[in-house]
Amino acid sequence: MIDWREIDTVLLDMDGTLLDLHFDSHFWLEHLPKRYVELHQLDAASQEALRARIIGEQGTLNWYSLAYWSRELGVDIVALKREVQHLIGLRSDALDFLTWLKQAHPRVILATNADRDSLALKLPLTGLENYLDAIISSEDVGAAKEEQAFWFALQEREPLDSQRTLFIDDNARVLESAREFGIKHLLGIKQPDSQRPEKELQEFIALDRFAQLLPDNLPGQRGER
């Protein structure tokens, strides 16, 4: 699927790509609306109104900002996330893939829309930092990955050859933005959330397992194919 001789840089999304998206789906669509209503003593209809409001910000910096939602809703989003942090976990064979990448030596960069508060929660729980050469958050550059401004800012911080870069993300809009910028090798994720059905990505090849990417007979490869 990938000729690794053509790859110098690997850009990886976090939520839904390396990490199971179930935590985020559950938090934003179930746990937060429920706790918001409880904390503010509102009626049940307010839960659905909040879900609609959250979804309405999708793809913007606000959507990904814990500080924004804490301020707007009058709750401590980080504290509420910690209530269900046991749901934070790596997707299937993500650790095997990261281990192989570390041994294969392309530059590995986390390119995420998660803000720094989210990273401060998730990185210690998952150990991802041990496998990364750099982390670029949309909060750092002031633009979400859905926008071209993100990619130009990433290029300034981490000069890369877009023709020799692989980017993996579960979000079709983000993959389209990366393609527009000129990233050559693009892959999606079939099932970002382990508790939800697989997604259709019509314009991009979607991975079932990271093992599909590993070349045969190379040191560091583990697990079944």
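Being a predicted model, the structure only gives us computed values, none of them experimental.

**Let's talk about the overall build of the protein**
Along the protein, the regular secondary structure elements total ten helices and six strands. The C-alpha atoms of the protein give 18 Å as radius of gyration, which agrees with the globular expectation for 225 residues (17 Å, within 12%). Principal axes of the C-alpha set define a box for the protein whose edges measure 60 × 35 × 35 Å. Burial status across the protein gives 52% buried among its 225 residues. In the protein, the share of contacts with a sequence separation of at least 24, taken over all contacts with a separation of at least 6, comes to 68%. Summed over all atoms, the accessible surface of the protein reaches about 10800 Å², with 46% contributed by carbon and sulfur. Between the averaged position of the 25 positive side-chain charges in the protein and that of its 39 negative side-chain charges there is a distance of 2 Å.

**Section: the packing of helix α1 (residues 22-40) against helix α4 (residues 66-73)**
Across the interface, α1 lies against α4 with an axial gap of 12 Å and an inter-helix angle of 30 degrees. The orientation of α1 with respect to α4, classified from their angle, is roughly parallel. Viewed along their axes, α1 and α4 form a crossing whose handedness is right-handed. Residue-level contacts link W28, L32, Y36 and H40 of α1 to L66, W69 and L73 of α4. Of the residues in the contact of α1 with α4, the class split is six nonpolar, one polar and no charged.

**Quick notes on the packing of helix α2 (residues 45-56) against α4**
Where α2 meets α4, the closest approach of the two axes is 13 Å, and the angle between their N-to-C directions is 145 degrees. The chirality of how α2 crosses α4 is right-handed. From α2, L50, R53 and I54 reach across to α4, where they touch W69, E72 and L73. Class assignment of the residues belonging to the contact of α2 with α4 gives a composition of four nonpolar, no polar and two charged.

**Side note on the environment of F204**
Positionally, F204 belongs in the loop between β5 (185-189) and β6 (206-207). Setting aside residues no more than four positions away along its own chain, F204 makes contact with A172, L175, E176, R179 and L186.

**Observations regarding the pattern of salt bridges**
Within this structure, the stated rule accounts for 18 salt bridges. Two residues, K145 and D13, come together in a salt bridge whose shortest N-O distance is 2.9 Å. Pair noted here: K145 is in the loop between α8 (138-141) and α9 (148-157) and D13 is in the loop between β1 (9-12) and α1, with a separation of 132 residues, a long-range link. K81 is the partner of D24 in a salt bridge, and the nearest nitrogen-oxygen pair spans 4.0 Å.

**Concerning the layout of surface pockets**
Looking at the largest pocket, its volume works out to about 850 Å³. In this structure, the largest pocket is lined by 35 residues; those nearest its centre are L21, Q58, W63, D170 and N171. By residue number, the principal contributor to the lining of the largest pocket is α1, which donates four residues. Tallied by class, residues from the lining of the largest pocket come to 14 nonpolar, seven polar and 14 charged.

**Description of the pairing of β5**
The buried fraction of β5 is high, at five of five residues. In β5, alternate side chains face the same way, and those of H185, L187 and I189 on one face and L186 and G188 on the other are all buried. The sheet contact formed by strand β4 (residues 165-168) and β5 spans three bridges and is parallel. Across the sheet, I168 pairs through a bridge with L187, a residue of β5. In terms of handedness, the path from β4 via helix α10 (residues 172-181) over to β5 forms a crossover that is right-handed. In the sheet, β5 pairs with β6 via two bridges, with the strands oriented parallel. Bridge pairing in β6 places I189 opposite L207.

What counts and how
Residues numbered from 1 in each chain as written. Predicted model: local features only at pLDDT ≥ 70, side-chain atom pairs only at ≥ 80, totals over all residues. Heavy atoms only, no water. Helix = DSSP H or I, 4+ residues; strand = E, 2+ residues; numbered from the N terminus. Rg over C-alpha atoms; globule rule 2.2 N^0.38 Å. Buried < 20%, exposed > 50% of the residue type's maximum accessible area, 1.4 Å probe, protein only. Contact = heavy atoms within 4.5 Å. Areas by Shrake-Rupley, 256 points an atom, 1.4 Å probe, with all protein chains shown as cover. Lys, Arg positive; Asp, Glu negative; His and termini not counted. Charge placed at Lys NZ, Arg CZ, Asp CG, Glu CD. Axes fitted to C-alpha atoms, helices over the stretch in contact; angles between N-to-C directions. Parallel < 35°, antiparallel > 145°, perpendicular 65-115°, else oblique. Left-handed = near helix turned anticlockwise from the far one by under 90°. Nonpolar A, V, L, I, M, F, W, Y, C, P; charged D, E, K, R; others polar. Salt bridge = Lys/Arg side-chain N within 4 Å of Asp/Glu carboxyl O. 1 Å grid on protein atoms, 1.4 Å probe; cavity = no way out; pocket = protein on both sides within 12 Å on 5 of 7 lines; lining within 4 Å. Points joined across faces, edges and corners; volume = space filled by probe spheres on them. Pairing = 2+ DSSP bridges. Right-handed = clockwise from strand over helix to strand, strands pointing away.

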